[in-house]
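Analysis of the macromolecular model
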Amino acid sequence: MTITMMIAYLKDSNFNMEYYLQHHLPMVTPIWKPFGMGSFRAMAATDSQSPYTMVVEIEWPSIEAFHRAHAETPAEKSKEFMDDVKNFTDKDPMVWFMENKAGGP
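Let me begin by describing the structure that accompanies this report.

About the criteria used
Residues numbered from 1 in each chain as written. Predicted model: local features only at pLDDT ≥ 70, side-chain atom pairs only at ≥ 80, totals over all residues. Heavy atoms only, no water. Helix = DSSP H or I, 4+ residues; strand = E, 2+ residues; numbered from the N terminus. Rg over C-alpha atoms; globule rule 2.2 N^0.38 Å. Areas by Shrake-Rupley, 256 points an atom, 1.4 Å probe, with all protein chains shown as cover. Lys, Arg positive; Asp, Glu negative; His and termini not counted. Charge placed at Lys NZ, Arg CZ, Asp CG, Glu CD. Pairing = 2+ DSSP bridges. Axes fitted to C-alpha atoms, helices over the stretch in contact; angles between N-to-C directions. Contact = heavy atoms within 4.5 Å. Phe/Tyr/Trp six-rings, centres within 6.5 Å; stacked < 30°, edge-to-face > 60°. Buried < 20%, exposed > 50% of the residue type's maximum accessible area, 1.4 Å probe, protein only. Polar contact = N/O pair within 3.5 Å; in protein donor to acceptor, adjacent residues only side chain to side chain.

Describing the overall build of the chain
- The helix and strand inventory of the chain stands at three helices and four strands.
- Helices and strands appear in the chain in the N-to-C order β-α-β-β-α-α-β.
- For 105 residues, the compact-globule estimate of 2.2 N^0.38 gives 13 Å, and the C-alpha radius of gyration of the chain, at 14 Å, lies within 12% of that figure.
- When its C-alpha atoms are laid out on the principal axes, the chain stretches across 40 × 35 × 20 Å.
- Surface summary for the chain: the accessible area is close to 6,600 Å², and the carbon and sulfur share equals 57%.
- Here the chain carries 9 positive and 14 negative side-chain charges, and the mean point of each set is 1 Å from the other.

Describing the sheet that holds strand β4 (residues 94-99)
- Taken in spatial order, the four strands line up as β2-β3-β1-β4 in an open sheet, and their pairing is antiparallel. The open sheet terminates on both sides in strands that have one partner only, identified here as β2 (40-44) and β4. Each neighbouring strand pair of the sheet contributes to a mean axis angle of 20°, computed without reference to strand direction.
- Here five bridges tie β2 to strand β3 (residues 52-60), and the two strands are oriented antiparallel to one another. Bridge pairing links alanine 42 to valine 56 in β3.
- In the packing of helix α2 (residues 63-72) onto the sheet, contacts are made with β1 (3-10), β3 and β4, and the angle to β3 comes to roughly 105°.

Some thoughts on the packing of aromatic side chains
- One pass over the structure, following the stated rule, counts twelve aromatic pairs.
- Ring plane angle 65° and centroid distance 5.5 Å describe the contact between tryptophan 32 and tryptophan 60, whose orientation is recorded as edge-to-face. Note that tryptophan 32 is positioned in helix α1 (residues 17-32) and tryptophan 60 in strand β3, a separation of 28 residues in sequence. The same class applies to tryptophan 32 and to tryptophan 60, which are both buried.
- Put simply, the rings of Tyr9, Phe15, Tyr19, Tyr20 and Phe88 pair up and form one aromatic cluster.

Topic: the environment of lysine 101
- Positionally, lysine 101 belongs in the segment after β4.
- Lysine 101 sits 99 residues away from threonine 2 along the chain, and the two C-alpha atoms are 8.5 Å apart.
- One polar contact links lysine 101 to glutamate 99, side chain to side chain, over a distance of 2.6 Å.

Quick word on the environment of tyrosine 9
- Tracing the backbone through its elements, the reader meets tyrosine 9 in strand β1.
- Taking the C-alpha atoms as reference, tyrosine 9 lies 5.5 Å from tyrosine 52; in sequence the two are 43 residues apart.
- Leaving out residues up to four positions away in the same chain, tyrosine 9 has contacts with Phe15, Tyr20, Tyr52, Thr53, Met54, Phe88, Thr89 and Pro93.

Structure, rendered in structure tokens:
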């Protein structure tokens, strides 16, 4: 069963969307693709009702595939990802996983 990794950045964070889209996502994608990372969507809030500035969905074939990617990503690359966070936000994101049960066209 496929899963979706949800990454949400709260609206009260100092979030640099341009940096995130132009630098951080392109940094992570080629490293995780070989482990099964599928499509992703980065969605920006369009109104003041949202508690988030940005929500990112990343598809994985299974939770095990994500755990393998996390465990087998070289330490220097993991450190590079984590060190890059300060370049686009001042708060850690909320991260959770959802099991995909249905979909549509």
